[in-house]
Amino acid sequence: MTSRIPAGMRYYIGAEARLRRKVEDVAMSVFESWNYEEVITPSVDYYDLFEQGMGQREAQRGFRFTDSDGHLLALRPDVTSSVARMAATLLSDRPRPLRFCYAAPVFRQQTQSHAEWRRENTQLGCELIGVEGKPADLEVLRLAAEILSRLELRSKYCITINNVEIFNGIAAYLNLEPRPREELRRLIDTRQGAELQQFLQDCGAGEARAFLRPTQLTGKRDVIQVARSVITNARSVAALDALEELWTAIESHGLEDSFEIDLGDVSSLDYYTGLSMKVFVHGAGSSVGRGGRYDGLTGSFGRAEPAVGFVLNLDALTEVLARANQ
Amino acid sequence: MITIAIAKGRMQEGALSLLARAGIRLSDEAVNSRRLALMDETGQYRFIFAKPADVPVYVEHGIADCGVVGRDVLLESQADLLLPLDLGIARCRIVVAAADAQAMTKVQGMIRVATKYSQIASAHFGARGIPVEIIQLSGSVELAPALGLADMIVDLVETGVTLRENGLTVVEEIAESTGRLAVNRASYQLKSYEVGRLVKALEAVV
């Protein structure tokens, strides 16, 4: 017998467990009010599923082990992969759109940063499958904002939005090989202004000047205007148009105080195909939620269709609220 | 209000004078006191002074919104931070040094490397397929080759005097290091106005 607890695992006792349950109930009731159906996916699945769904780099963070027949299994590191497979196979005949939500623990053997020490956390998430473009993007953004406001985090949270096609358009326009493309992505992601300037001098690109001043990457509508003054390639311009339209819709719902545009959010380019979002809350040192559009995913299970969704980290939210209550 | 963590030691003086030129001042009395957390004269900035290796920790957890720390420390910590500004202070190099200037051409089998920077050293040699045994030390790394503990060292060099006095020469430069402004990812969004103001003020005097 051991009295030790593995790194990144914890207990919830009494008041904290109740608070955590309350947060979960708030999220699930908001999902329900928007007609999202609850889904419970297998906790253990083939590792291949997650590699296909999340990309190798993310899937490798999962706990892996072998089945009795030698196949590689994983303790689910995300839920979206499984929902996408279900939509493309089991539910291929159901009329669209599909709306699903879940509150489910996910497991990562290796965490993404030192500040995210948890290796088990519960995702409060939703997926909207079969609807393209702005209406669907706006729906999930409003849903996220409603959950966060209901948690009495109002004015203490910020949802950043971006469209990954802005970066993709520039990288394609510059004809970047995979390696320099990854280097450019990393420099933008970490806002390394001076190194970025050096990089762009070497490949001689006016297009990417939009990323040069780190403080101009985030803000409200004005960010788009600044970007438009240097970006001319059609793919990025179309993405800027889509982002601006979405921003206008956010304004028309009076939500602009809770949202920011962040053109520097290029952290999960392999995964998202349009909108990407991150959720930040006062009191948490890293993001407590993320999401976006992943139109490419269901295709890899045999039925290509548009999809968008997000997850909130229940454990991180509970920790912030518990500390605020103290 | 935002909190700035400053690396104590060789970074501290340059960081404080740069901040002063950007209009963010600590009173002399405050600097000379032994308190580890101080407010600036306007009350908009709180400073904490920490060991260099602890600065990325405070910033990554969001306890400090920003930090001023060397690139060497950031590379070693592998912290997930935003690095919007190169402050150009406390300039130095991270190098491989050995007694024999031709040491790199004579590598056979395996080399022993003594360093305070085990991550940087293993990444540097690993990228070139050279097998190394990393010997982690916490100071006076230059002693290791002379005493037979290691074949080479990976260390920070400012003038090169200490290396020469211990019979070592630089055989390779890994990277240049200067003081950087590091920013927490959440603070960057949630306190975008304050952080943006700090970045712009520093940008103007770098």
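What counts, and where the lines are drawn
- Residues numbered from 1 in each chain as written.
- Chains lettered and ligands numbered in written order.
- Predicted model: local features only at pLDDT ≥ 70, side-chain atom pairs only at ≥ 80, totals over all residues.
- Heavy atoms only, no water.
- Helix = DSSP H or I, 4+ residues; strand = E, 2+ residues; numbered from the N terminus.
- Rg over C-alpha atoms; globule rule 2.2 N^0.38 Å.
- Buried < 20%, exposed > 50% of the residue type's maximum accessible area, 1.4 Å probe, protein only.
- Contact = heavy atoms within 4.5 Å.
- Areas by Shrake-Rupley, 256 points an atom, 1.4 Å probe, with all protein chains shown as cover.
- Lys, Arg positive; Asp, Glu negative; His and termini not counted.
- Charge placed at Lys NZ, Arg CZ, Asp CG, Glu CD.
- Domains from an automatic or database assignment.
- Buried area = accessible area lost by both parts, 1.4 Å probe.
- Expected span 1.5 Å × (residues − 1).
- 1 Å grid on protein atoms, 1.4 Å probe; cavity = no way out; pocket = protein on both sides within 12 Å on 5 of 7 lines; lining within 4 Å.
- Points joined across faces, edges and corners; volume = space filled by probe spheres on them.
- Nonpolar A, V, L, I, M, F, W, Y, C, P; charged D, E, K, R; others polar.
- Salt bridge = Lys/Arg side-chain N within 4 Å of Asp/Glu carboxyl O.

Colleague: Hey, could you go over the overall build of chain A for me, with residue numbers and the actual values?
Modeller: Helix and strand counts for chain A come out as 11 helices and 12 strands. Compactness check: chain A gives a C-alpha radius of gyration of 20 Å against a globular reference of 20 Å for 326 residues, within 12% of the reference. With respect to the three principal axes, the spread of C-alpha positions in chain A is 60 × 50 × 45 Å. Relative to its full complement of 326 residues, chain A shows a buried share of 55%. Relative to all contacts within chain A whose residues are 6 or more apart in sequence, the contacts with residues 24 or more apart total 69%.

Colleague: Explain the overall build of chain B to me, using residue names and the numbers behind them.
Modeller: For chain B, the helix and strand inventory stands at 9 helices and 11 strands. With respect to the three principal axes, the spread of C-alpha positions in chain B is 60 × 35 × 25 Å. Across the 206 residues in chain B, those meeting the buried criterion constitute 50%. At a minimum sequence separation of 6, the contacts of chain B that also span at least 24 residues come to 69%. As presented, chain B carries roughly 9500 Å² of accessible surface, and 49% of it is formed by carbon and sulfur atoms. Put simply, chain B has 21 plus and 24 minus side-chain charges, and the middle of one group is 2 Å from the middle of the other.

Colleague: Go over the domain arrangement of chain B with me, naming the residues and quoting the values.
Modeller: Residue and element names in this part refer to chain B. Assigned domains within chain B: domain 1 (2–90 + 178–203) and domain 2 (92–176). Computed from C-alpha atoms alone, the centre-to-centre distance between domain 1 and domain 2 is 30 Å. Taken together, the 8 residues of domain 1 in the interface contact 11 residues of domain 2. A combined buried area of about 830 Å² lies between domain 1 and domain 2, and 49% of that area is made up of carbon and sulfur atoms.

Colleague: Go over helix 5 (residues 133–150) of chain A, please, and point to the residues and values.
Modeller: All names here are of chain A. For helix 5, spanning 18 residues, the distance from its first C-alpha to its last is 26 Å, which sits close to the expected 26 Å at 1.5 Å a residue. Considered for burial, the residues of helix 5 that qualify are A136, D137, L138, E139, V140, L141, L143, A144, A145, I147 and L148. Phi for E152, located one or two positions after helix 5, is positive at around 60°.

Colleague: Could you give an account of empty space enclosed by the protein, naming the residues involved and the relevant values?
Modeller: In this approach the atoms are scanned with a rolling probe the size of a water molecule, which exposes any empty space left behind. Residue and element names in this part refer to chain A. This structure, assessed with the given rule, holds 1 cavity of 30 Å³ or more. Volume-wise, the largest cavity comes out at about 60 Å³. Every residue lining the largest cavity is listed: V164, D265, V266, S267, S268, Y272, S276, M277, K278, R290 and G291. Taken together, the elements giving at least two residues each to the lining of the largest cavity come down to strand 10 (275–281) and strand 11 (289–293). Sorting elements by how many residues they give to the lining of the largest cavity places strand 10 first, with 3 residues. Classifying every residue of the lining of the largest cavity by side-chain character gives 4 nonpolar, 4 polar and 3 charged.

Colleague: I'd like to hear about the layout of surface pockets, residue by residue, with values.
Modeller: Residue and element names in this part refer to chain B. Looking at the second largest pocket, its volume works out to about 720 Å³. Every residue lining the second largest pocket is counted, 30 residues in all, and those nearest its centre are R10, D72, K116, Y117 and L156. Of all the secondary-structure elements, those providing two or more residues to the lining of the second largest pocket are strand 4 (66–70), helix 4 (71–77), strand 9 (152–157) and helix 7 (161–165).

Colleague: Account for the pattern of salt bridges, with residues named and values stated.
Modeller: Under the criterion given, the structure shown has 33 salt bridges over all chains. Note that B:R180 is salt-bridged to A:E195, the shortest N-O span being 2.5 Å. Of this pair, B:R180 sits in strand 11 (residues 179–183) while A:E195 sits in helix 8 (residues 193–203), which puts the two residues in different chains.

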